[in-house]
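Secondary and tertiary structure notes
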Amino acid sequence: MKAADLDAIRAIITRAKRWDLFFSMLGILSLMVGVLTFTVLFVDMAIQGVPRLSYEFFTSFPSRRAENAGILSAWVGTILVMLVTALSAVPLGVAAGVYLEEYAPKNWVTDIIEINISNLAGIPSIVYGLLALGLFVYYFGFGQSILSAGLTLALLILPVIIVATRESIRAIPQSIHEGSYACGATTWQTVSDHILPYSSAGILTGVIIGMARAIGETAPIITIGALTFIAFLPTAPFAGDPPAGLFDWILAPFTVMPIQMFNWTSRPEAAFTVNAAAAGFVLVFMTLAMNGLAIYLRYQLRKNIKW
């Protein structure tokens, strides 16, 4: 090879390395903008809200007096709504993902279903609220209840869970399928004994990320009529006279953390803004805890997988 050719190759490599360095720096800069923005907002919220956190703040109902107001009904409502959301969305989403990957025939019908699932993941949340208002609140008669809210958020995160399930299944080597079928296993035996256990880490991550999104949603909850001020809790099962039923709480009125924050930030008193900052700190901490749990569980589950 001539010296001129070697010089040309070196020049190409040098130019490529410069572009690599440029895009690396651009990526780091973009990442730092997002991280620093979140950090500044979170620290500012913590500075305002952390001094307000106390046992009374977590065990008191909202009040027209800022110093007496708490988030008891809000965090209890959030947990109950998330419970209904998880029980509704997770089994249905995982089952749909498994069916599309392992059972559904590859034809134009499934192609349309896959396209629609991908599109549903990008629909604004307010549209789900309008759909739930007509379907759950009025048509099925669930009213402005925990059940309506949980089903609404379940619809919202269902595409996320389906996509996460399918991607986790696709990540499993094809040799696992072939080896199972070669030993005479049925499709269900392959799915239950190999596919679901090996893909559980990715599925669980998708589920928790979807739940973390749902916990902070406000627009669909407002649309179906969540209360902005509520000073009572849903009746506990078998409590009261006459005793409440096991699932009576599911049709009770409710509020959630984002709605409570919206109510406080709309008030002119500065003390309510401090309350909203404290509630926001709690909500962000809950979201970060859910994402941290997803990372930990994914690590633990993947540690036990050996192809």
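Here goes a summary of the coordinates provided. The structure displayed is predicted, hence computed values, not measured ones. (Residues numbered from 1 in each chain as written. Predicted model: local features only at pLDDT ≥ 70, side-chain atom pairs only at ≥ 80, totals over all residues. Heavy atoms only, no water.)

**Observations concerning helix H10 (residues 257–265)**
Here H10 has its buried residues at Met257, Pro258, Ile259, Gln260, Asn263 and Trp264. Those residues of H10 that are buried lie in contact with helix H2 (55–59), helix H3 (72–103), helix H8 (187–215), helix H9 (219–223) and helix H11 (270–303). (Buried < 20%, exposed > 50% of the residue type's maximum accessible area, 1.4 Å probe, protein only. Helix = DSSP H or I, 4+ residues; strand = E, 2+ residues; numbered from the N terminus. Contact = heavy atoms within 4.5 Å.)

**Thoughts on empty space enclosed by the protein**
Tallying each qualifying case throughout the model produces two cavities of 30 Å³ or more. If you add up the space inside the largest cavity, you get close to 50 Å³. At the level of elements, H3 and H8 are the ones that each hand at least two residues to the lining of the largest cavity. Residue composition of the lining of the largest cavity, grouped by class: eight nonpolar, one polar and one charged. What the second largest cavity holds in volume is close to 40 Å³. Lining the second largest cavity are Ser73, Gly77, Ile230, Phe232, Leu233, Pro234, Pro253, Phe254 and Thr255. Residues that form the lining of the second largest cavity fall into these classes: six nonpolar, three polar and no charged. (1 Å grid on protein atoms, 1.4 Å probe; cavity = no way out; pocket = protein on both sides within 12 Å on 5 of 7 lines; lining within 4 Å. Points joined across faces, edges and corners; volume = space filled by probe spheres on them. Nonpolar A, V, L, I, M, F, W, Y, C, P; charged D, E, K, R; others polar.)

**Things to note about the pattern of salt bridges**
Applying the stated criterion to the full structure yields five salt bridges. A salt bridge links Glu101 to Arg170; the shortest N-O distance between them is 3.0 Å. With a gap of 69 residues between them, Glu101 in helix H3 and Arg170 in helix H6 (residues 146–170) connect regions that are remote in the sequence. Exposure remark for Glu101: the relative accessible area of 17% places this residue in the buried category. Note that Arg170 is salt-bridged to Glu167, the shortest N-O span being 3.2 Å. Pair noted here: Arg170 and Glu167 are both in helix H6, with a separation of three residues, about one helical turn. The exposure class of Arg170 is partly exposed, given its relative accessible area of 46%. Several salt bridges share partner residues, and in doing so they unite Glu101, Glu114, Arg166, Glu167 and Arg170 into one network. (Salt bridge = Lys/Arg side-chain N within 4 Å of Asp/Glu carboxyl O.)

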